[in-house]
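Below, each chain spelled out in residue letters.
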Amino acid sequence: MVFFRHRRLRRTEGIRDLVRETQLLTTDLIYPIFVKEGLEDKQEVASMPGVYQFPLHQLVDEIAEVEKLGLKSIILFGIPKEKDEIGSQASCETGIVQEAIRLIKEHFPQLVVIADTCLCEFTSHGHCGLLKGQEVDNDTSLTRLAEVAISQARAGADIIAPSNAMDGYVEAIRQGLDQAGFEDIPIMSYAIKFASSFYGPFRDAGESAPKFGNRKTYQMDPANRLEALREALSDEKEGADFLMVKPGLAFLDILRELRQETKLPLVAYNVSGEYAMIKAAAQNGWIDEKAVVLETLTGFKRAGADLIITYFAKDVAYYLKEEG
Ligand code: PBG
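None of the values given here were measured: they were computed from a predicted structure.

1. Description of the overall build of the protein
Here comes step 1: The helix and strand inventory of the protein stands at eleven helices and twelve strands.
Here comes step 2: Taken against the 2.2 N^0.38 rule, which gives 20 Å for 324 residues, the C-alpha radius of gyration of the protein at 20 Å falls within 12% of a compact globule.
Here comes step 3: Every one of the 324 residues in the protein was classed for burial, and the buried ones make up 54%.
Here comes step 4: For the protein, the proportion of contacts with a sequence separation of at least 24, taken over those separated by at least 6, is 75%.
Here comes step 5: Summing over all exposed atoms, the protein offers an accessible surface of approximately 15200 Å²; the carbon and sulfur share of this is 50%.

The structure is reproduced here in structure tokens:
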């Protein structure tokens, strides 16, 4: 007889529990939060049901819920009232992100607050760096992004997460943080960030769609695997403390391969379009939302992610508590 009885290990729930290789934990999850300056009441993002833009005065209640569910970290995105060419509000001491960080740390000192470091929500043109003519200029953007990171650290951010996709941002931000006395603040680099159509709903939430052109001269071509690995490894050399792969679902092969190339903690971003697809299908009654979400996020971990940024974080924390 040459066939194997794999089903022996699937016979009862107890045995299946014993041999399960991957566990999804609430502590693996990072919850994204959008704060918008000057908003009166929280506002649901049309393309992301269940995700809101929050005004500062409703933030504490929201974070209290996040903490109560057992989540340990959030990533913050801000939408300012005033946008300009250089995204001045991104590094302003009284900017929306800086105010939000201070408020959150005052009420929830234990929560890990990650600041997304980019300009696209703050610039009038919606690009992630500074313009020279119609081009996004790499090197002048670096100086500007370091200023943003320093101001976020000064406000109390625990981790800086640059998502701007310029070359050399890890080195520039590391140097800036060190010189400002923030040698202990880690950098979670969006190291492998593809120019993806899955970011569509996020640009509604962050009000950050580019006003002309696209992001293909700075974000990566989804067709490229070796280039992705080169870029992640250069970020590691520049001093990144975490490496991220984004989006997640269409790039699980990259996550798996990066796992074999680095010893750094890996983060997968389960992006807005992935969230929107599951929500839309579930709302139509076409899939079982809870089961699909758990299967998807377990897949990220199995592929090699240590941490997952996901708009489903609160839901999953609740599911896991329920089953606990
Ligand atoms: C850019 C940024 C983006 C996302 C996180 N940071 C969008 C973009 O590059 O246009 C996307 C996240 C998502 O789609 O959930 N600052």
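2. Comments concerning helix α2 (residues 59-68)
Here comes step 1: Looking at α2, one finds that the buried residues are Leu 59, Glu 62, Ile 63 and Val 66. The buried side chains of α2 occupy one side of the element, clustering within an arc of 95 degrees when seen end-on. Those residues of α2 that are exposed and angled more than 90 degrees off the buried face are Asp 61 and Lys 68.
Here comes step 2: For α2, the elements touching its buried residues are β1 (29-36), β3 (48-54), β4 (73-79), α3 (96-107) and α11 (313-323).

3. As for the UniProt feature "binding site: 5-aminolevulinate 1" (unreviewed entry) in the protein
Here comes step 1: The sites that UniProt annotates as "binding site: 5-aminolevulinate 1" (unreviewed entry) are Arg 203 and Arg 215.
Here comes step 2: Along the chain, Arg 203 falls in helix α6 (residues 200-205).
Here comes step 3: Assessed through its relative accessible area of 21%, Arg 203 is described here as partly exposed.
Here comes step 4: Of note, Arg 215 is situated in the loop between α6 and α7 (226-238).
Here comes step 5: Judged by relative accessible area, which is 5%, Arg 215 ranks as buried.

4. Observations concerning the state of the cysteines
Here comes step 1: Using the criterion set out here, one finds zero disulfides in the structure.
Here comes step 2: There is no disulfide at Cys 118, and the cysteine sulfur nearest it, in Cys 128, is 3.6 Å away.
Here comes step 3: On the basis of relative accessible area, Cys 118 is assigned to the buried category, the value being 2%.

5. Quick word on the site of the ligand
Here comes step 1: If you check the shell around the ligand, you find 18 residues, and the closest are Lys 193, Arg 203, Lys 246, Ser 272 and Tyr 311.
Here comes step 2: A distance of 2.8 Å separates an oxygen atom of the ligand from a polar atom in the side chain of Lys 193.
Here comes step 3: One of the side-chain N or O atoms of Arg 215 is found 2.9 Å from an oxygen atom in the ligand.
Here comes step 4: Look at the ligand: alone it shows 400 Å² of surface, and the protein chains cover 100% of it.
Here comes step 5: Taken together, the residues of the shell around the ligand sort by class into nine nonpolar, three polar and six charged.

6. Description of the packing of aromatic side chains
Here comes step 1: As enumerated under the stated definition, the model contains ten aromatic pairs in all.
Here comes step 2: Judged by centre distance (6.2 Å) and plane angle (45 degrees), the ring pair of Tyr 269 and Tyr 311 falls under tilted. Pair noted here: Tyr 269 is in strand β11 (residues 266-270) and Tyr 311 is in the loop between β12 (307-310) and α11, with a separation of 42 residues, a long-range link.
Here comes step 3: Assessed through its relative accessible area of 2%, Tyr 269 is described here as buried.
Here comes step 4: Ring centres of Tyr 275 and Phe 312 lie 4.6 Å apart, and the angle between their planes is 45 degrees; on these two criteria the pair is classed as tilted. With a gap of 37 residues between them, Tyr 275 in helix α9 (residues 272-283) and Phe 312 in the loop between β12 and α11 connect regions that are remote in the sequence. As far as the burial class goes, Tyr 275 and Phe 312 line up, both buried.
Here comes step 5: In this structure an aromatic cluster arises from ring pairing among Phe 34, Phe 77, Tyr 190, Phe 202, Tyr 269, Tyr 275, Tyr 311 and Phe 312.
Here comes step 6: Across from the ring centre of Tyr 269, 5.1 Å away, lies the NZ or CZ of Lys 246, which sits over that ring.

7. A few points about the UniProt feature "binding site: 5-aminolevulinate 2" (unreviewed entry) in the protein
Here comes step 1: Under the UniProt annotation, the feature "binding site: 5-aminolevulinate 2" (unreviewed entry) is placed at Ser 272 and Tyr 311. Spanning 40 residues, the named residues nonetheless gather at one spot, since no C-alpha pair among them exceeds 7.5 Å.
Here comes step 2: Tracing the backbone shows Ser 272 in helix α9.
Here comes step 3: Exposure remark for Ser 272: the relative accessible area of 1% places this residue in the buried category.
Here comes step 4: On the basis of relative accessible area, Tyr 311 is assigned to the buried category, the value being 3%.
Here comes step 5: Not counting chain neighbours up to four residues away, the residues in contact with Tyr 311 comprise Tyr 31, Pro 32, Phe 34, Met 48, Val 51, Phe 202, Tyr 269, Asn 270, Val 271, Ser 272 and Tyr 275.

Basis of the calculations
- Throughout this document, residue positions are counted from 1 along each chain, in the order its sequence is written.
- Given that this is a predicted model, residues contribute local features only at a pLDDT of at least 70 and side-chain atom pairs are listed and counted only at 80 or more, while totals for whole chains, interfaces and linings are drawn from all residues.
- Think of the side-chain values as coming from all heavy atoms in the structure, minus any hydrogens and water.
- We count a stretch as a helix when DSSP gives it H or I for four or more residues in a row; a strand needs E for two or more, and each element gets its number in order from the N terminus.
- Only the C-alpha atoms count toward the radius of gyration. The rule for a globule is 2.2 Å times the residue count to the power 0.38.
- A 1.4 Å probe rolled over the protein chains alone gives each residue an accessible area, and that area as a share of the maximum for its type sets the label: buried under 20%, exposed over 50%, partly exposed in between.
- Here a residue-residue contact requires only that any non-hydrogen atoms of the pair lie within 4.5 Å.
- Method for areas: the Shrake-Rupley scheme with a 1.4 Å probe, in which residue coverage is limited to the protein chains shown.
- Starting at the helix axis, one direction is taken to each C-beta atom, and the arc is that of these directions.
- UniProt positions are given in the numbering used here, feature names are shortened, and annotations may be inferred rather than shown by experiment.
- Here, the term disulfide refers to a pair of cysteine sulfur atoms separated by no more than 2.5 Å.
- The cutoff for a nearby residue is simple: one of its non-hydrogen atoms must lie within 4 Å of the molecule or strand.
- What qualifies as a polar contact is a pair of N or O atoms within 3.5 Å, subject to a donor-acceptor requirement within protein and to the restriction that residues adjacent in sequence count only when both atoms come from side chains.
- Gly counts as polar in this scheme, as do all residues outside two lists: the nonpolar Ala, Val, Leu, Ile, Met, Phe, Trp, Tyr, Cys and Pro, and the charged Asp, Glu, Lys and Arg.
- Any Phe, Tyr or Trp ring, taking Trp's six-membered ring, that has another such ring centre within 6.5 Å forms a pair; planes under 30 degrees apart are called stacked, those over 60 apart edge-to-face, and the others tilted.
- Think of it as a cone above the ring: NZ of Lys or CZ of Arg counts as a charge over the ring if it is within 6 Å of the ring centre and within 35 degrees of the ring normal.

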